[in-house]
Amino acid sequence: MKIIEEDQVRKLLTPEKCMEVMRKTFIDLELGKCTMPQRMICRMPNTAAFGFMPAYIGDFFGAKVITAYEPNMGTGYPSHIGYVMLFESRHCTVCGMIEAGSITEIRTGCVSAIATDLLAEKNAHTMAVIGAGAQARSHLAAIRLVREITEVMVYDKNPEASMHYAEEMKCKYSIPVKVCESVEQAVADADIICTVCPAKEAYLTRNMVKKGVHINAVGTFSPTTREVASDLIGASRLYSDDTSCCRKESGEYLIPLKEGIIKEDHIVGSIGELLLGKVPGRKKKDDITVFDALGLAVEDVASAEIVYLDSEKEKDNESLR
């Protein structure tokens, strides 16, 4: 069994490679080639969310076992800690344990980039990120590959985190980054908005955003939490990473449904359906599109698979030298 830690994951799982893998994974999921039981998330007495996310993707299967612990944000500890345990399907032996925080960070940004490519206006150039942590970094790393981003606006409740993000991203990508004092200021002129903080209450409303905006709602993943308010969901074309999961677990969908603001059929479709042309994307320039991402086990296992296989190739190449 191989243990692959964060540094090697980041070396092997580039955004370009990960997006290619995620596109195939969403198509395979939609075609029924993957099996994904509902994940189990337990709340620990210390408020940590402890998750077990299993999936079978063909030659491999496995599960991400991870903690999500909000108090770690802004400290020296990551907010998501765990591993993806990977098995091969032929004999069901354990292949490896791959560090999950880096996989989660990279694949989430890449999935949002795929959604952005499918749903955002082709001339979308300005991007707002709400939250200045790891996901804010991974989203810019990936989305800049599908749209020419000319300006980024960032807001975080910790101004120091916003400053660090702005300095790092400007240095890394040579893109201007504006530190904003409020969510309203950050999103007012944005063509693309990424909400990437674990909010408990909705903070993004219809009157804050302009017509034609695309929103990646990423930071929450439970039936009782959300980032996007009901009036904005009601005014949008809503898409999911997996519609059946969204109908069970997404506060973005379940809360306005309970309030009577949307109907059960408000979700237009999934990313897999978009990729296969089964559902339409943006119909007109003024459409507001929302991609509601819960994060799927198939994404983690598929990412772990490619990291494991590429590490094996790397080992073979070294043995030939």
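Above this note sits the structure.
Conventions we followed
Residues numbered from 1 in each chain as written. Predicted model: local features only at pLDDT ≥ 70, side-chain atom pairs only at ≥ 80, totals over all residues. Heavy atoms only, no water. Helix = DSSP H or I, 4+ residues; strand = E, 2+ residues; numbered from the N terminus. Buried < 20%, exposed > 50% of the residue type's maximum accessible area, 1.4 Å probe, protein only. Pairing = 2+ DSSP bridges. Axes fitted to C-alpha atoms, helices over the stretch in contact; angles between N-to-C directions. Patch = residues over 30% accessible without salt bridge, like charges linked within 9 Å, V, L, I, M, F, W, Y side chains within 5 Å. Areas by Shrake-Rupley, 256 points an atom, 1.4 Å probe, with all protein chains shown as cover. Salt bridge = Lys/Arg side-chain N within 4 Å of Asp/Glu carboxyl O. Contact = heavy atoms within 4.5 Å. Phe/Tyr/Trp six-rings, centres within 6.5 Å; stacked < 30°, edge-to-face > 60°. Lys, Arg positive; Asp, Glu negative; His and termini not counted. Polar contact = N/O pair within 3.5 Å; in protein donor to acceptor, adjacent residues only side chain to side chain. Parallel < 35°, antiparallel > 145°, perpendicular 65-115°, else oblique. Left-handed = near helix turned anticlockwise from the far one by under 90°. Nonpolar A, V, L, I, M, F, W, Y, C, P; charged D, E, K, R; others polar.

1. Points about unusual backbone geometry
- Despite not being glycine, Cys92 shows a phi value in the positive range, around 65°.
- Its place among the elements puts Cys92 in the loop between β5 (80-88) and β6 (94-99).
- Given the relative accessible area of 45%, Cys92 is considered partly exposed.
- With phi around 55°, Ser174 is a residue other than glycine that occupies positive phi space.
- Along the chain, the position of Ser174 falls in the loop between α5 (159-173) and β9 (177-179).

2. Things to note about the sheet that holds β6
- The 6 strands lie next to each other as β1-β6-β5-β4-β3-β2, forming an open sheet whose pairing is mixed. Of all strands in the sheet, those bounded by a partner on one side alone are β1 (2-4) and β2 (40-43). Across the sheet, the mean angle separating the axes of adjacent strands is 15° when strand polarity is ignored.
- Bridge count between strand β4 (residues 60-68) and β5: 9 bridges; the pairing is antiparallel. By the bridge assignment for β5, Phe61 is matched with Phe87.

3. Things to note about the pairing of strand β14 (residues 289-292)
- Burial along β14 is two-sided: Thr289 and Phe291 and Val290 and Asp292, pointing in opposite directions, are all buried.
- Strand direction decides the pairing type here: strand β11 (residues 214-217) and β14, joined by 4 bridges, are parallel. Bridge assignment links Ile215 to a residue of β14, and that residue is Val290.
- Summarising the sheet, strand β12 (residues 237-240) and β14 pair through 4 bridges and their orientation is parallel. Note on β14: the bridge partner recorded for Ser240 is Asp292.

4. Quick look at a nonpolar patch on the surface
- Together, Met40, Met44, Phe50, Phe52 and Val65 make up an exposed nonpolar region whose accessible area comes to about 410 Å².
- The topology assignment puts Phe50 in strand β3 (residues 49-56).

5. A few points about the sheet that holds strand β7 (residues 126-130)
- Reading across from one edge, β9-β8-β7-β10-β11-β14-β12-β13 is the order of the 8 strands in this open sheet, with parallel pairing throughout. Both outer strands of the open sheet, β9 and β13 (267-270), are each paired with one neighbouring strand and no more. Shown here is a sheet whose adjacent strand axes are inclined to one another by a mean of 20°, direction ignored.
- As judged from the 3 bridges shared by strand β8 (residues 151-155) and β9, these two strands associate in the parallel manner. Its bridge partner being in β9, Val154 is matched across the sheet by Val179.
- Contacts from helix α3 (residues 100-119) reach β10 (192-195), β11, β12 and β14, with the element oriented near 160° to β11.

6. Observations concerning the packing of aromatic side chains
- Taken as a whole, this structure holds 3 aromatic pairs when the rule is applied.
- Judged by centre distance (5.9 Å) and plane angle (15°), the ring pair of Tyr56 and Phe61 falls under stacked.
- Overall, the relative accessible area of 37% leaves Tyr56 in the partly exposed class.
- Relative to Phe87, the ring of Phe61 lies with its centre 5.0 Å away and its plane at 5°, an arrangement referred to as stacked.

7. Remarks on the side chain of Glu99
- With respect to the helices, strands and loops of the structure, Glu99 is situated in strand β6.
- Buried and without a salt bridge, Glu99 has Arg10 as its closest oppositely charged side chain, separated by 6.1 Å.
- Polar side-chain contacts of Glu99 include one of 2.9 Å to the backbone nitrogen of Gly101.
- Once residues lying within four places of it in the same chain are set aside, the contact partners of Glu99 are Ile4, Glu5, Glu6, Val9, Gly82 and Tyr83.

8. Digging into the packing of helix α2 (residues 15-30) against α3
- It is the contact of α2 with α3, at a shortest axis distance of 9 Å, that shows an interaxial angle of 70°. The angle between α2 and α3 places the two elements in the roughly perpendicular class. Considering only the axes of α2 and α3, their crossing is right-handed. Across the interface between the two elements, Pro15, Cys18, Met19, Met22, Arg23 and Phe26 of α2 pack against Ile106, Arg107, Cys110, Val111, Ala113, Ile114 and Asp117 of α3.
- Residues of the contact of α2 with α3, tallied by class, amount to 10 nonpolar, no polar and 3 charged.

9. Focus on the pattern of salt bridges
- Across all of its chains, the model carries 20 salt bridges by this definition.
- Residue Lys285 is joined to Glu121 by a salt bridge in which the shortest nitrogen-to-oxygen separation is 3.4 Å. One end of the pair, Lys285, is in the loop between α10 (271-275) and β14; the other, Glu121, is in the loop between α3 and β7, and 164 residues separate them in sequence.
- Given a relative accessible area of 51%, Lys285 falls into the exposed group.

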